[in-house]
Amino acid sequence: MKNSFVELNGRQRAFALVDENSGRELVGPEYDMISPHLEPQNIVPESDDGVILVKGTLNGKNVVVISIEGKFQGGGIGEVSGAKIVAALEEALDDNKNGKTIYPIIVLDTGGVRLQEANYGLLSISEIQNAVIALKKYVPVIGLVPGRVGSFGGMSITSAVLSYLITTQKARIALNGPEVIEQEAGVREFDSSDKDLIWDTLGTRQRVKTGIADELVEDDVETIRTSISEAIDQKKDAHRTDKTDFYLTLLDKIDFSKPLTTEEYRKIFNETKAEKHEIPETVASDTPGDKSRGRLWFEKLTGIKNAKSEYPTVLAAEVDGKEYIAIVPDKNNRFPRVCNGEVGLQEGFVISKIVNKIVEEDKDKEVKRPIILIVDVPSQAYGYKEELIGIHIGLASSAAAYAKARQAGHPVIDFIPGDAVSGGFLAHGLQSNRMIALADKSITIQAMSKVSAARITQRTIAELEEATKHVPAMAYDIFNYEKLGALYKLVHDVSSWDANDAAVKEIHDLIDEAIESTKDQPTDLHFRYETPIAIESGRKATIKMREMVDDQWEK
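Some points on the sheet that holds strand S8 (residues 314–319)
What holds strands together in a sheet is hydrogen bonding between their backbones, with the strands either parallel or antiparallel.
Thought 1: As summarised here, the arrangement of the 6 strands in space is S8-S9-S10-S11-S13-S15, forming an open sheet in which the pairing is mixed. Each end of this open sheet is capped by a strand with a single partner; those strands are S8 and strand S15 (489–491). Neighbour to neighbour, the strand axes of the sheet diverge by 20° on average, direction disregarded.
Thought 2: Relative to strand S13 (residues 434–438), strand S11 (residues 412–416) is paired through 4 bridges, and the arrangement is parallel. Residue pairing in the sheet places Asp 414 in a bridge with Met 435 of S13.
Thought 3: Across the face of the sheet, helix H12 (residues 345–361) comes into contact with S8, strand S9 (322–327) and strand S10 (371–374) while running at roughly 175° to S9.
Thought 4: Helix-sheet contacts for helix H19 (residues 501–517) involve S9, S10, S11, S13 and S15, and the interaxial angle to S13 is about 160°.

Structure, rendered in structure tokens:
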């Protein structure tokens, strides 16, 4: 009789993966490191915050297993659980840098961001992705999606940056859940009651056939242990986020105005051969583009009038030794779910091409080009075809490119004059060294629209808005976001739509100041924990968890 892995809880799964009597849990339930953000919302917290860390061996090799408990808040990532994962990955990174080989294994049973701690969840997930990308220079980082919840939301983006992804047939992988797509785009786009459609599209049989996951195994503990061990031994790496030319070629072949079945997509996927794509710089034109805060500030900061690009939703140009990148609306876009500035499939892959080219060109230079992200993204795209193809891979590709650029020494600076929402922000913004934002009440910064968040958390919008009064990370405005401590500067005398000459000069000066502040500093994301606001209040739980993992790592 098979020994089911899926039926185990998160802690049992972690210990099942390590050799008998080798496992040692770090910051276990006895330390009572609960989330400080749940009780104010009348939600019962969990003593391990839904993440279990176990150090041990797997067939004699040193491993750290990070297991997400899907039964607690849907496996959602909040401040404490996120910090726990990041701390373990960074300890493993330090060990590997120092010649002490240890292999990370991440068990993904997660809906993504914990919406009750939304902006903490987004920060944490970006920090997890950064650590994974740094670790992959030394060892493969193996992911396992066993089932029950699956891997959704921002953690699906994380799954795409992992080296190798193992699944059972009981799992699903997607950026946007069917209910969220239905809420945002309508039942005709994705009927969340159609279970056959959901499993045919998001289930792992389809995902393995189309490169979203790497291996489908039986739901059996020993089978899974063997697969993970072999992936480690063979240093397996799918290089999923490096396949930008393949995906841009594939997208060229698909008519997004017509239906696309899973069978048709598999055929296109299997027949596609990567063709090299060059991304020309944005140029001036005689015709204004669709209006947005992102476009306005891109044109003002670069001096490019009526900016025009071969890929109309991505503007990118080098000016005065800095690369400026913005995502903008295009009402006539051939991707119908990407018309209002959303980050979709093509945007992620195009940005990845642009940024990776900069890194390659500057690899032997002592001073690396700064990359300036102008952030005005209302969300990621919500669409059936986007999920079928794997929009999370597109978003992961741009996030990974930004992270690699920063880790290579490029200052990566955000300027936020518009919205910064959900997967769009993870793909274009949250891998930056420094974030500069305008203190404008029109800016939305969050993990999900209020309507969708209310539906997923089973609250009314009124109840959701009441919760934001007690938990700043739940709020949708930039002023509460500042309380988390992640911003470099909040600019109070410039508004989103008023890009006059004085305002543009002020932002240029702040960008230069932010670039200067990165010199001779670490190329990681620790700045977010080290601002006065973060230390005093915004990331206190993060800092405490990091200290506890560090204290227990070698014991």
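Focus on the nonpolar core
Thought 1: Core analysis: the largest hydrophobic core is formed by 186 residues, its most contacted members being Ile 228, Trp 297 and Tyr 481.
Thought 2: In terms of residues, this core owes the most to one element, helix H3 (residues 118–135), which gives 11 residues.
Thought 3: Setting aside residues no more than four positions away along its own chain, Trp 297 makes contact with Ile 374, Phe 415, Pro 417, Leu 438, Val 494, Ser 495, Ser 496, Asp 498, Ala 499, Ala 503, Val 504 and Ile 507.

A short note on the pairing of S9
Thought 1: With 6 of its 6 residues buried, S9 lies for the most part within the structure.
Thought 2: Neither face of S9 is open: one carries Lys 322, Tyr 324 and Ala 326, the other Glu 323, Ile 325 and Ile 327, and all of them are buried.
Thought 3: The sheet contact formed by S8 and S9 spans 6 bridges and is antiparallel. By the bridge assignment for S9, Ala 317 is matched with Tyr 324.
Thought 4: A loop of 2 residues connects S8 with S9, the two strands running antiparallel in sequence, and Asp 320 in this loop sits at a positive phi of about 55°.
Thought 5: Each parallel crossover has a hand, and the one from S9 via H12 to S10 is right-handed.

Concerning H12
Thought 1: Along its 17 residues, H12 runs 25 Å from first to last C-alpha, staying within 8% of the 24 Å computed at 1.5 Å per residue.
Thought 2: Where burial is concerned, most of H12 is hidden: 13 out of the 17 residues are buried.

Brief notes about unusual backbone geometry
Thought 1: Within the chain, Asn 21 stands out as a residue other than glycine whose phi angle is a positive 65°.
Thought 2: Mapped onto the elements, Asn 21 comes out in the loop between helix H1 (10–17) and strand S1 (24–26).
Thought 3: With relative accessibility at 77%, the residue Asn 21 sits in the exposed group.
Thought 4: Phi is positive for Ser 422, which is not a glycine, with a value near 60°.
Thought 5: With respect to the element layout, Ser 422 can be found in helix H15 (residues 422–427).

Focus: the pattern of salt bridges
Thought 1: For the structure on display, the rule yields 32 salt bridges.
Thought 2: Between Arg 11 and Glu 25 there is a salt bridge; the shortest N-O distance is 2.9 Å. Residue Arg 11 is found in helix H1, and its partner Glu 25 is found in strand S1; the two are separated by 14 residues along the sequence.

Some points on the environment of Ile 354
Thought 1: In this structure, Ile 354 sits in helix H12.
Thought 2: A relative accessible area of 10% places Ile 354 in the buried class.
Thought 3: Residues Ile 354 and Glu 516, 162 residues apart in the sequence, show an inter-C-alpha distance of 23 Å.
Thought 4: Among all residues touching Ile 354, those that are not within four sequence positions of it are Ile 279, Val 314, Ala 316, Glu 323 and Ile 325.

Here we look at the packing of helix H16 (residues 450–457) against helix H17 (residues 461–468)
Thought 1: As a packed pair, H16 and H17 sit with axes 9 Å apart at the nearest point and diverge in direction by 100°. Considering the angle they form, H16 stands roughly perpendicular to H17. Residues Lys 450, Val 451, Ala 453, Ala 454 and Thr 457 of H16 form the contact with H17, whose participating residues are Ile 461, Leu 464 and Glu 465.
Thought 2: When its residues are assigned to classes, the contact of H16 with H17 shows 5 nonpolar, 1 polar and 2 charged.

Overview of the pairing of strand S6 (residues 164–167)
Thought 1: Along S6, one buried face is formed by Tyr 164 and Ile 166 and the opposite face, lined by Leu 165 and Thr 167, is buried too.
Thought 2: In the sheet, strand S5 (residues 142–145) pairs with S6 via 4 bridges, with the strands oriented parallel. Of the residues in S6, the one forming a bridge with Gly 143 is Leu 165.

With respect to the environment of Ser 156
Thought 1: Note that Ser 156 resides in helix H4 (residues 154–161).
Thought 2: The spacing of Ser 156 and Trp 497 is 341 residues in sequence and 34 Å in space, taken between C-alpha atoms.
Thought 3: The residues touching Ser 156, leaving out its near neighbours within four places in the chain, are Ser 151, Ala 174, Leu 175 and His 392.

Topic: the packing of helix H9 (residues 244–253) against H12
Thought 1: Between H9 and H12, the least distance of the axes is 10 Å, while the angle of their chain directions is 145°. For H9 against H12, the interelement crossing comes out left-handed. In this structure, H9 contributes Thr 244, Asp 245, Tyr 247, Leu 248 and Leu 251 to the contact, and H12 contributes Leu 345, Gln 346, Phe 349, Val 350, Ser 352 and Lys 353.
Thought 2: For the contact of H9 with H12, the class distribution of residues is 6 nonpolar, 3 polar and 2 charged.

Quick word on the packing of aromatic side chains
Thought 1: Counted under the stated rule, the structure contains 8 aromatic pairs.
Thought 2: Taken together, a centroid distance of 5.2 Å and an interplanar angle of 85° make the contact between Phe 246 and Tyr 247 edge-to-face. Across the pair, exposure class does not vary: Phe 246 and Tyr 247 are buried alike.
Thought 3: An aromatic cluster of three or more residues is present, and its members are Phe 246, Tyr 247, Tyr 265, Phe 269 and Phe 349.
Thought 4: One Lys or Arg, Lys 55, reaches over the ring of Trp 553 and ends 4.1 Å from the middle of that ring.
Thought 5: It is Lys 291 that lies over the ring of Trp 497; its NZ or CZ is 5.0 Å from the centre.

What counts, and where the lines are drawn
Residues numbered from 1 in each chain as written. Predicted model: local features only at pLDDT ≥ 70, side-chain atom pairs only at ≥ 80, totals over all residues. Heavy atoms only, no water. Pairing = 2+ DSSP bridges. Helix = DSSP H or I, 4+ residues; strand = E, 2+ residues; numbered from the N terminus. Axes fitted to C-alpha atoms, helices over the stretch in contact; angles between N-to-C directions. Contact = heavy atoms within 4.5 Å. Core = buried A, V, L, I, M, F, W, Y, C linked by side-chain atoms within 4.5 Å. Buried < 20%, exposed > 50% of the residue type's maximum accessible area, 1.4 Å probe, protein only. Right-handed = clockwise from strand over helix to strand, strands pointing away. Expected span 1.5 Å × (residues − 1). Salt bridge = Lys/Arg side-chain N within 4 Å of Asp/Glu carboxyl O. Parallel < 35°, antiparallel > 145°, perpendicular 65-115°, else oblique. Nonpolar A, V, L, I, M, F, W, Y, C, P; charged D, E, K, R; others polar. Left-handed = near helix turned anticlockwise from the far one by under 90°. Phe/Tyr/Trp six-rings, centres within 6.5 Å; stacked < 30°, edge-to-face > 60°. Lys NZ or Arg CZ within 6 Å of the ring centre and 35° of its normal.

So, to be careful, I would describe these as geometric facts and stop short of saying anything about function.
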